Amino acid sequence: MTALAWRLGQLSIFALMVVAWELIGLWRPILAVELSSPGLVIQELRGMLDLDGWNHVWVTLSTAAFGCAVGTAMACIATLVLASNRLLRNFLSPFIVILNAVPRVALAPLFILWFGIGIRAGTAFVIAIIFFLVFVNLFTGVQTIDRLYLMNARALGGGKLWILREVYIPSVLAWLIASLRNAVALALLGAAVAELIAGTAGLGFLIAQGTNSGNSAEVIAAALILALVTLLANSVISRVERNLLAWQLSQ
Amino acid sequence: VSARIERIVIVAGQLLAVVAMLFIWHALVTTGTVNSFHIGSPVTTWETLWTWLADGTLLANAWVTVLEAAIGWTVGILVGTAIGMAIGMFRPLGILTEPFFTFWNGFPRLAFFPFFTLVLGFTFTARVVSVVFVILFLVITQTASGVRQVDRVLLSNIKFLGAGRLELLREVYLPSSVTWVITSARFTVAFALHAAILAEFIGASSGIGYLTILGQQRFNVSMVWAAVITVVAVAVIVDLALVQAQRYLTRWAPV
């Protein structure tokens with residue numbers, strides 16, 4: 001079968017599901033109140049984007065992007081400072097193991113107490129969780145750097161700075177790119193959860209608003225927008241990843 | 001010998017660092033340099049933890065969260081493995097449903113728990129369903145790709161010996177799926193625990209997520225710290241238990 005036929009098949013499955021969802025609502029209107037329906041969600045989406053929906057999208061997106069950028073930069077600096085020293089690395093590793101096991105998004109209430117209700121808490125929260133995610137990844141990356149490379153580099157007379165530039169930074173960079181996709185997804189999720197618990201704007205705030213007013217359509221619509229943003233960011237990053245890591249794949 | 005000494009020094013340094021942090025925190029609060037309203041205090045955090053331990057609050061709430069995660073995880077693994085097998089074994093089904101699963105994998109599933117409370121109310125069931133929803137798609141994707149990556153030689157041998165789809169499922173895919181479940185358990189269980197805690201943030205009346213949010217709503221930082229420490233402790237204990245279980249269950253496998 002051709003690719004076009006598969007595409008058509010995929011589309012018809014999608015259409016079938018949407019129709020089934022709509023039919024449930026028509027069959028038992030009471031269920032449509034809880035489960036909502038495609039019609040209601042589309043209506044909700046239209047209403048959102050007519051009103052201040054773009055503003056909410058922008059709030060979540062900018063919180064996530066800013067937090068992700070700052071958190072990643074901090075993690076890179078911390079890795080370069082801490083990880084090239086073996087003693088420090090051994091000192092830190094049990095703390096890293098614990099940090100890695102922590103359910104990150106569940107720490108949001110702490111940040112809300114520190115920074116109050118609103119965008120500042122969300123931003124600080126995203127910075128913190130992204131810092132830990134990326135730092136843990138880079139830290140493990142440094143720990144798995146082939147000892148052979150290091151010994152060879154030293155045997156060739158490489159000084160500390162030279163080894164940092166020629167061995168550590170390239171391998172850390174590869175790990176950084178690999179963890180970027182997770183980081184972006186987590187940043188968007190973290191921003192949304194912070195807004196959900198105690199926000200004044202953003203997609204997470206819309207989810208909370210929908211919950212409080214018992215409006216399923218609003219919850220679904222806001223989550224859908226968030227999903228689309230995440231998928232879009234994912235596809236952009238995989239493209240970047242493919243370009244930047246082309247040297248690795250070709251080896 | 002010097003390596004051993006180094007290790008002892010490092011462990012001592014780690015303990016010292018923790019004690020020093022607690023001490024600095026305490027000093028900051030007692031001297032009034034930083035208001036304990038903002039950062040809490042180690043003493044009240046400890047007192048809260050101790051009270052919770054003594055009156056059973058801690059264990060009861062941790063138990064609720066672990067139970068939600070465990071039930072949700074089990075259901076998610078069973079249903080996810082079944083669906084994953086189906087779409088992995090029937091190639092057309094895999095291709096047709098691929099965009100569908102890509103969508104759900106990109107969907108912010110951890111932030112979707114309010115929906116389940118709208119449908120099922122502020123109930124234990126709603127939180128379990130939320131856990132299932134979070135890990136189901138992980139399991140499906142992973143099982144499907146596992147099925148596709150089963151050793152080709154093994155497959156052609158067993159087909160040559162006259163095995164049909166049913167024998168393949170019983171003799172190859174199901175036994176392999178047990179290995180996939182075990183090797184990914186640390187990841188999926190962590191997700192399940194995460195989902196359970198988040199689901200307790202809205203309208204729950206028990207669980208460690210509930211304790212965290214209660215502390216936040218009472219503006220009691222020490223209480224949030226106590227809850228966060230409980231969360232971390234539960235997560236680390238579960239993780240360690242899984243590592244042990246994994247080692248035990250895969251002890252037959254060649255290294």
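Anything mentioned here points back to the structure above.
Source: prediction; values computed, not measured.

(A) Spotlight on the overall build of chain A. From N to C terminus, chain A includes twelve helices and zero strands. Its helices and strands in sequence order give chain A the pattern α-α-α-α-α-α-α-α-α-α-α-α, from N to C terminus. Computed over C-alpha atoms, the radius of gyration of chain A comes to 23 Å, more than 25% over the 18 Å expected from 2.2 N^0.38 for 251 residues, which places it beyond the range of a compact globule. Here the C-alpha coordinates of chain A stretch approximately 75 × 55 × 30 Å along the principal axes. When the 251 residues of chain A are sorted by exposure, 46% land in the buried category. A total accessible area of about 13200 Å² is found for chain A, and carbon and sulfur atoms account for 69% of it. Side-chain charges in chain A split into 14 positive and 10 negative, and the spacing between the mean points of these groups amounts to 19 Å.

(B) Spatial organisation of the overall build of chain B. Across its full length, chain B carries twelve helices and zero strands. In chain B, the succession of α and β elements from N to C terminus is α-α-α-α-α-α-α-α-α-α-α-α. Here the C-alpha atoms of chain B give a radius of gyration of 23 Å, more than 25% beyond the 18 Å that 2.2 N^0.38 yields for 255 residues. Projected onto the principal axes, the alpha-carbon positions of chain B cover approximately 80 × 60 × 30 Å. Burial analysis of chain B (255 residues in total) assigns 46% to the buried set. For chain B, the share of sequence-separated contacts (at least 6 apart) that also reach a separation of at least 24 residues comes to 73%. Only carbon and sulfur atoms are counted for the fraction: they give 72% of the accessible area of chain B, which is about 13500 Å². Across chain B, the 14 positively charged side chains and the 10 negatively charged ones have centroids separated by 8 Å.

(C) Quick look at helix α7 (residues 124-148) of chain B. Spanning 25 residues, α7 of chain B covers 36 Å between terminal C-alpha atoms, matching the ideal 36 Å at 1.5 Å per step. Here α7 of chain B lies mainly inside the structure; 18 of its 25 residues are buried.

(D) Examining the pattern of salt bridges more closely. Residues and elements named next belong to chain B. The full count for this structure, using the stated rule, is three salt bridges over all chains. A salt bridge links R127 to E68; the nearest nitrogen and oxygen atoms lie 2.8 Å apart. Placement of the pair is R127 in helix α7 and E68 in helix α4 (residues 57-89), with a sequence separation of 59 residues. This pair shows no difference in class: R127 is buried, exactly as E68 is.

(E) Geometry of the interface of chain A and chain B. The interface of chain A with chain B comprises 45 residues on the first partner and 46 residues on the second. Interface area, chain A with chain B, both sides summed: about 4000 Å², of which 83% is carbon and sulfur. Together, W6, P103 and L113 of chain A form the three largest contributors to the area buried by chain A at its contact with chain B, with a combined 15%. For the side of chain A that touches chain B, the leading source of residues is helix α11 (residues 216-244) of chain A, giving nine residues.

(F) Structural context of the nonpolar core. F125 and I130 of chain A together with F112 of chain B are the most contacted members of the largest nonpolar core, which totals 114 residues. With sequence-adjacent residues up to four places away left out, F125 of chain A is seen in contact with R104, V105, L107, A108, F111, G190 and A194 of chain A. Counting eleven residues, the second largest nonpolar core, distinct from the first, contains M85, V150, I158 and L168 of chain B.

(G) Unusual backbone geometry, seen in detail. A positive phi angle, close to 65°, is found at S36 of chain A, a residue other than glycine. Structurally, S36 of chain A is set in the loop between α2 (29-35) and α3 (38-50). By relative accessible area, S36 of chain A is classed as buried at 2%. For F219 of chain B, which is not glycine, the phi dihedral falls at a positive 55°. Within the secondary structure, F219 of chain B sits in the loop between α11 (208-217) and α12 (221-249). For F219 of chain B, a relative accessible area of 53% translates into the label exposed.

(H) Here's a closer look at the packing of aromatic side chains. For the coordinates displayed, the defined rule picks out 26 aromatic pairs over all chains. Where F131 of chain A meets F132 of chain A, the ring centres are 5.4 Å apart and the plane angle is 65°; that geometry is what we call edge-to-face. Ring geometry for W46 of chain B against W50 of chain B: centres 6.1 Å apart, planes inclined by 20°, an arrangement best described as stacked. Linking W46 of chain B with W50 of chain B, this pair stays in helix α3 (residues 42-55), spanning four residues, or about one helical turn. Residue class for W46 of chain B comes out exposed when judged on its relative accessible area of 55%.

The rules behind each value
Residues numbered from 1 in each chain as written. Chains lettered and ligands numbered in written order. Predicted model: local features only at pLDDT ≥ 70, side-chain atom pairs only at ≥ 80, totals over all residues. Heavy atoms only, no water. Helix = DSSP H or I, 4+ residues; strand = E, 2+ residues; numbered from the N terminus. Rg over C-alpha atoms; globule rule 2.2 N^0.38 Å. Buried < 20%, exposed > 50% of the residue type's maximum accessible area, 1.4 Å probe, protein only. Areas by Shrake-Rupley, 256 points an atom, 1.4 Å probe, with all protein chains shown as cover. Lys, Arg positive; Asp, Glu negative; His and termini not counted. Charge placed at Lys NZ, Arg CZ, Asp CG, Glu CD. Contact = heavy atoms within 4.5 Å. Expected span 1.5 Å × (residues − 1). Salt bridge = Lys/Arg side-chain N within 4 Å of Asp/Glu carboxyl O. Buried area = accessible area lost by both parts, 1.4 Å probe. Core = buried A, V, L, I, M, F, W, Y, C linked by side-chain atoms within 4.5 Å. Phe/Tyr/Trp six-rings, centres within 6.5 Å; stacked < 30°, edge-to-face > 60°.

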